[in-house]
Amino acid sequence: MLISIVYDSGFGHTARVAKAVAAGIQEVQGAEAKLIAVADGLIDWESLERSDAIIFGSPTYNGLISARFKQFFEDSTKAAWTEQKWRNKLAAGFTNSGAQHGDKLNSLVSMALFAAQHGMIWVGLDMMPGNSSSTGSADDLNRLGSWLGVMTQSNTDQGADITPIKSDLVTAAYLGRRVTETARRLQPA
């Protein structure tokens, strides 16, 4: 089973989240994670067509996905959308920003709409929000409380070797596992 992760990362933080998603995928026996960084310029459209699921990831800049990620969306029109090559594939998403909220929901909605236009089936995060009670903490999974996808946060004065924090990365790995296990359940016997 092949699960591709297409992502952009301006400062390395979102790449760190992508690697955590890949680690979660690889926890599922027989699953392969393929990381595709849009900044590298060459998109392996054939691998995406062969993938059982595609997980999208972008930093949130000014409440939006990055320009490079938007360019990937536009480039997919000819490569995949016109012939609906990703129809019925699973899709999911993740995003990172410097602010706790940072309007990250808008980025996830953009990804979900993009997936819907490709005829894909969106897999959200089935995890209750963490850090939402007097006994909660930043160490809780899903600490930013998203259901549509994974939201992570990185302090703007710290590098990708330090942030996002462990709970965000564990939540991202959980999403990778969830998408992969869902894809496996949907495969014909």
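Located above this text is the structure these notes cover.
What you are looking at is a predicted structure, and each value in this text was computed from that prediction instead of being measured.

Colleague: Where do I start with the overall build of the chain in this structure?
Modeller: Along its length, the chain carries five helices and seven strands. Ordered by position in the sequence, the α and β elements of the chain form the string β-α-β-α-β-β-α-β-α-β-β-α. Taken over C-alpha atoms, the radius of gyration comes to 15 Å for the chain, in line with the 16 Å a tight globule of 189 residues would show. Summarising its shape, the C-alpha atoms of the chain cover approximately 50 × 40 × 25 Å along the three principal directions.

Colleague: Looking at this structure, I do not really get the pattern of salt bridges. What am I missing?
Modeller: Pairs can form between side chains of opposite charge once their charged atoms are near each other. Across all of its chains, the model carries seven salt bridges by this definition. Its salt-bridge partner being D44, residue K34 comes within 3.6 Å of it at the nearest N-O pair. Taken together, the positions of K34 in strand β2 (residues 32-37) and D44 in the loop between β2 and α2 (45-50) put the pair ten residues apart, joining distant regions of the chain. Under the relative-accessibility criterion, K34 is labelled partly exposed at 25%. Looking at D44, the relative accessible area reads 29%, which means it is partly exposed. Between D126 and R178 there is a salt bridge, with its nearest N and O atoms 3.2 Å apart.

Colleague: Can you walk me through the environment of D161 in this structure?
Modeller: With respect to the element layout, D161 can be found in the loop between β7 (150-153) and α5 (166-186). By relative accessible area, which is 65% here, D161 ends up exposed. For the pair D161 and G12, spaced 149 residues apart in sequence, the C-alpha to C-alpha distance is 8.5 Å.

Colleague: In this structure, what is going on with unusual backbone geometry? I would like to understand it.
Modeller: Trans is the prevailing form of peptide bonds, just as negative phi is the prevailing case for residues other than glycine. Following T163, the chain continues to P164 via a peptide bond in cis, the omega torsion being 10°. Along the polypeptide, P164 turns up in the loop between β7 and α5. With a phi angle near 70°, N88 is a residue other than glycine that sits in the positive phi range. Note on placement: N88 falls in the loop between α3 (67-81) and β5 (90-97). A relative accessible area of 46% places N88 in the partly exposed class. Phi at N131 takes a positive value of approximately 50°, unusual for a residue other than glycine.

Colleague: How should the packing of helix α1 (residues 13-26) against α5 be read in this particular structure?
Modeller: The relative placement of two packed helices is expressed as an angle between their axes plus a distance between the axes. Between α1 and α5, the least distance of the axes is 6 Å, while the angle of their chain directions is 45°. In this view, α1 runs oblique relative to α5, as classed from their interaxial angle. Taken as a pair, α1 and α5 cross one another with a handedness that is right-handed. Where α1 abuts α5, its residues R16, V17, A20, V21, G24 and I25 lie against L169, A172, A173, G176, R177 and T180. Its residues assigned to classes, the contact of α1 with α5 shows seven nonpolar, three polar and two charged.

Colleague: It is not clear to me how the packing of α3 against helix α4 (residues 104-117) should be interpreted in this structure. Could you clarify?
Modeller: Relative to each other, α3 and α4 sit at 5°, their axes nearing to 11 Å. Between α3 and α4, the angle falls in the class roughly parallel. Residues F69, F72, F73, S76 and W81 of α3 form the contact with α4, whose participating residues are S110, M111, F114 and Q117.

Cut-offs and rules
- Residues numbered from 1 in each chain as written.
- Predicted model: local features only at pLDDT ≥ 70, side-chain atom pairs only at ≥ 80, totals over all residues.
- Heavy atoms only, no water.
- Helix = DSSP H or I, 4+ residues; strand = E, 2+ residues; numbered from the N terminus.
- Rg over C-alpha atoms; globule rule 2.2 N^0.38 Å.
- Salt bridge = Lys/Arg side-chain N within 4 Å of Asp/Glu carboxyl O.
- Buried < 20%, exposed > 50% of the residue type's maximum accessible area, 1.4 Å probe, protein only.
- Axes fitted to C-alpha atoms, helices over the stretch in contact; angles between N-to-C directions.
- Parallel < 35°, antiparallel > 145°, perpendicular 65-115°, else oblique.
- Left-handed = near helix turned anticlockwise from the far one by under 90°.
- Contact = heavy atoms within 4.5 Å.
- Nonpolar A, V, L, I, M, F, W, Y, C, P; charged D, E, K, R; others polar.

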